[in-house]
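Here's the letter readout for the chains.
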Amino acid sequence: MRVPFLRMKEIGKRFPGVQALQDVTFDAFQGEAIALLGANGAGKSTLMNVLGGIISPDEGVIQINGKTINIKTPKDASEIGIAFVHQEMALLPTMTVMDNMFISDYPVSMKIKINRAIMRKQCSEVLDLLGCRISPENYIRDLGTGDRQMVEIGRALLGQNKIFIFDEPTSSLSKREKLNLVRVIQKLKDEGMTVIYITHFLNEVYEICERVSVLRSGQVVGGGTIEEVQMINLVRLMVGEVKIEDRGTERITSVDNPIMEVSSLTRKGVYKDINFTLHKGEILGFWGLLGSGRTEVARGVVGLDPVDSVKMKISKNGELQPATPDTVRRQIGMVTEERRVDGLFLPMSVKRNMSMANLNNLIKKNSSVIDKSKENLLCDEFVDRLNIQISDKEQIVETLSGGNQQKVILGRWLEVNPSILIMDEPTRGLDVSAKAEIARIIVRIAKEGTSIILISSEIDEMMSLCDRFLVFNKGKIIADLAYGVSEDKLVGLAAGADEVIQEGDNE
Amino acid sequence: MKFDSNTVKLACSKTDSIIKKYGEKRRYRKIVTVVVVILIIAVIYIFVPRFFNPRNLKNILVQSSTLGLMAIGMTLVYLTGGMDLSIPSVMALSGIIGAILMQSGVNPVIAAIITILAGGAVGAINGLSVSALKMIPFVVTLAMMQVMSGVSTWITNSVSVVVPLSYINIVLFKIAGLPLPVYIFIVITAISTFLCKSTLSGRWLYAVGINMNSAKVCKIPADRIVFFTYVFSGSLAGVTGILLTARLGAAGPLMGSSNVILDVMSAAVVGGVSIYGGVGSPLGAALGAVIITVLNNVLNLLRVDFFPAQVIKGVLIIVFVALDSFRRKK
Ligand SMILES: Nc1ncnc2c1ncn2[C@@H]1O[C@H](COP(=O)(O)OP(=O)(O)OP(=O)(O)O)[C@@H](O)[C@H]1O
Ligand SMILES: [Mg+2]
């Protein structure tokens, strides 16, 4: 048998209340990509954090070419040539793209002066390689989530690295960017690099990886070459049986029950003259590429970002009445795109995060004292229903796995059960079975009368859930299509028009 | 495959024992704190036996109550991620206003009420600047501190305003040997701790301090909460003004001198309140106030000069802030 280039041997790691890794042995070879798979909370990120020097394991060693090495800090890891694209992004919003890319290792000339020309050059080379259209001088705060993710990836590509860890890199990328990433990974493999790839999208595994390794509850439960394992087996290994719900073709077509009307919504330079109506019990899809305005419009509607002009009406006691984004927010639930930026309260407990939007309903009669038993009860109910992996309700949300953090946000809004729910990438970071469960829940609450605005980059999810699609492009709604429209048409509308803009953009 | 029901059961029982251990670790930390406190008391007992004189202890309680009330006000502001540097100067000015009113014949009770309202009004100005005008708390309250001490000095010509004996007698009225301020301190500590820990507004307070963006998404009236904390700290400054004026027998601009703010901040920080927001409780700040007062008292009994005492206190605060940020990192 070949000696693996990288071997993590018998790794064990225990956190308070959970054995995150137990006796995990993980091999990776040069010139190949290995997929690291597993359900939410299986221990994938923890294993990679061990490799990246972010946490130190309780047991086990790391070997490269059969030689045991010591990785104690992230700096050790990067000196060995390990590049890590983290699941949770950590960019400095007030600095530029190139500053962020070089932050840990600025090129300097004459020992003192930061050489910005070199930075700019290397940075644009990497961005070109990734097919990313942003400039090195852009500020991170002005970028959308997808572009930020590309910056994170770009950072890993700088310098002389041998091992590349991608922890769910595609969870906020659209199709075009995914393709670029696949191309880049292929190039890395051709150059003899080692790629470790974590994802919940199995099709990506088949596209990118040669081998897989599956974790379950912190233990290796299977693996092998891609030919040896079949998709169905993989799913069973990771999460057990999954019941995928197909909504079939049953859709809402009645348009006589408007619950919210938005007209001439404009924010200069972002979107212009947006008009749409949301009906009771409808699942309305906002479809478009990253940066097309779909997220921005949703945020504008609920007053999370300022808008320049808007006319809104929202249903109160069965009648449409004038409203403003700020009043609308009080009646709407919003699962935001970036859970850590404007979703979670990271240092707070799971319980408090879950009940935060629902406190008004959790107070004792005629007082403002919180009814703790009611709070506990509801928390338990949704932890159970969403199968959130925690050691205890008081666990700090920051220490949950990425997917489980997302579930906490979903639980929060299901607990409130608002009449309108906006969900921006609600299944980001969720494993296959959790995705299926969320889809089931979305369909059910819509049936019960909740109106939903759904934003997702996953066309399958959109096709199987939405009653109607608004297609966004460059800050405009370019089509309003009922269920029944073909996938090709949706993709074409979003992407095709994108090409036109690309040509127009060539200054 | 090594995955059967037995391993699951094993894993579950393991998890249970780990959780228990974790709980023990927390208890262990509490024990450590208690041990440290006992040690400190022992040291004081050996080196400054006069400290345990009942009159001195009573004195400490009375002094803690004024410092503690201000620290509680500061704590609520800290919890939302803000700060209020104007507390002592507002305290002084509202005390002066009360005293002047009484000198011109206003009923002491009415004067006291006006004193509190005056403090609250200044707090409201701070609150509006921060919440509605989005100004930086540090800058706003620093400027307010300047304005307040300026006005205090100006309207009193740096001369203390004496208050009538009847007023002093009401405010320092003794129950079971302890004067009213101590009870006020205990009651306000209890109420504000309850407010923070168990009520809607309390939960919101912490949420706003931890993540303003998330708070907005969760429909929390963040601006209102922030505004309220400044009004609260201003009003408590007013209350403190009443108590301190009675204790000193007069109100003057020196009551709010700038080293008082240092004590207020230290009390909060030593009491486990984070200056980054979202962590701590009024009870902690109240205990912190007792600790700072004890420290002042001991340094005083040991006849440590003012300046070395400042150094010792300053170092102590740095240590606590360092501990705080270390704890946050963990
Ligand atoms: N600092 C920590 N303290 C306590 N528990 C932790 C900590 N970090 C991770 N865990 C726990 O370890 C387990 C594994 O988490 P990990 O992040 O590795 O999962 P994952 O496989 O990456 O899942 P996901 O697909 O959701 O990202 C989880 O149960 C998590 O709660
Ligand atoms: Mg993870």
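Residues numbered from 1 in each chain as written. Chains lettered and ligands numbered in written order. Predicted model: local features only at pLDDT ≥ 70, side-chain atom pairs only at ≥ 80, totals over all residues. Heavy atoms only, no water.

### Quick look at the domain arrangement of chain A
Residue and element names in this part refer to chain A.
Right, so step 1: The domain boundaries assigned to chain A delineate domain 1 (6-239) and domain 2 (258-344 + 420-501).
Right, so step 2: Each of domain 1 and domain 2 has a C-alpha centre, and the two are 31 Å apart.
Right, so step 3: In this complex, domain 1 contributes 20 residues to the contact, which on the side of domain 2 involves 17 residues.
Right, so step 4: Buried area between domain 1 and domain 2, summed over both chains or domains, comes out near 1,500 Å², and the portion from carbon and sulfur atoms is 50%.
Right, so step 5: Taken together, the links from domain 1 to domain 2 amount to three salt bridges.
Right, so step 6: The partner of Glu-88 in a salt bridge is Arg-339, with the nearest N and O atoms 3.2 Å apart. (Domains from an automatic or database assignment. Contact = heavy atoms within 4.5 Å. Buried area = accessible area lost by both parts, 1.4 Å probe. Salt bridge = Lys/Arg side-chain N within 4 Å of Asp/Glu carboxyl O.)

### Remarks on helix α8 (residues 231-239) of chain A
All names here are of chain A.
Right, so step 1: Buried residues of α8: Leu-234, Val-235, Leu-237, Met-238 and Val-239, and no others. Angularly, the buried residues of α8 cover 165 degrees about the axis, an arc narrow enough to put them on a single face.
Right, so step 2: Where α8 is buried, its residues contact β3 (32-38), α7 (202-208), β11 (211-216), β12 (219-225) and α15 (432-447). (Buried < 20%, exposed > 50% of the residue type's maximum accessible area, 1.4 Å probe, protein only. Helix = DSSP H or I, 4+ residues; strand = E, 2+ residues; numbered from the N terminus. Arc of directions from axis to C-beta.)

### Things to note about the nonpolar core
Right, so step 1: Ranked by internal contacts, the top residues of the largest apolar core, which has 150 residues, are Met-260, Phe-276, Phe-286 and Val-301 of chain A.
Right, so step 2: The element contributing the most residues to this core is helix α10 (residues 222-248) of chain B, with twelve residues.
Right, so step 3: Ignoring any residue separated from it by four or fewer positions in sequence, one finds Phe-286 of chain A in contact with Phe-276, Arg-294, Val-297, Ala-298, Ile-453, Leu-454, Ile-455, Ser-456, Met-462, Leu-470 and Phe-472 of chain A.
Right, so step 4: Membership of the second largest hydrophobic core comes to 50 residues, among which are Leu-181, Met-193, Val-205 and Val-214 of chain A. (Core = buried A, V, L, I, M, F, W, Y, C linked by side-chain atoms within 4.5 Å.)

### Observations concerning the packing of aromatic side chains
Right, so step 1: If you walk through the whole model with that rule in mind, you get seven aromatic pairs over all chains.
Right, so step 2: Look at Phe-228 of chain B and Phe-232 of chain B: their rings are 5.9 Å apart centre to centre, the planes differ by 40 degrees, and that puts the pair in the tilted class. Note that Phe-228 of chain B and Phe-232 of chain B are positioned in helix α10 at a spacing of four residues, about one turn of the helix.
Right, so step 3: On the accessibility criterion, Phe-232 of chain B (19% relative accessible area) is buried.
Right, so step 4: Between the NZ or CZ atom of Arg-141 of chain A and the centre of the ring of Tyr-139 of chain A, over which it lies, the distance is 4.8 Å.
Right, so step 5: Sitting over the face of the ring of Phe-201 of chain A, Lys-178 of chain A holds its NZ or CZ atom 4.8 Å from the ring centroid. (Phe/Tyr/Trp six-rings, centres within 6.5 Å; stacked < 30°, edge-to-face > 60°. Lys NZ or Arg CZ within 6 Å of the ring centre and 35° of its normal.)

### Topic: the site of ligand 1
Residue and element names in this part refer to chain A.
Right, so step 1: Contacts to ligand 1 come from 20 residues, most closely from Lys-44, Ser-45, Thr-46, Ser-401 and Gly-403.
Right, so step 2: Within the side chain of Ser-45, one N or O atom sits 2.7 Å away from an oxygen atom of ligand 1.
Right, so step 3: Glu-168 places a side-chain nitrogen or oxygen 3.5 Å from an oxygen atom of ligand 1.
Right, so step 4: In the complex, 88% of the free accessible area of ligand 1, which totals 640 Å², lies under the protein chains.
Right, so step 5: Those elements giving two or more residues to the shell around ligand 1 turn out to be β2 (18-28), α1 (44-51) and α14 (402-416).
Right, so step 6: In terms of residue count, the dominant contributor to the shell around ligand 1 is α1 (three residues).
Right, so step 7: Considering only residue class, the shell around ligand 1 consists of six nonpolar, twelve polar and two charged. (Near = heavy atom within 4 Å. Polar contact = N/O pair within 3.5 Å; in protein donor to acceptor, adjacent residues only side chain to side chain. Areas by Shrake-Rupley, 256 points an atom, 1.4 Å probe, with all protein chains shown as cover. Nonpolar A, V, L, I, M, F, W, Y, C, P; charged D, E, K, R; others polar.)

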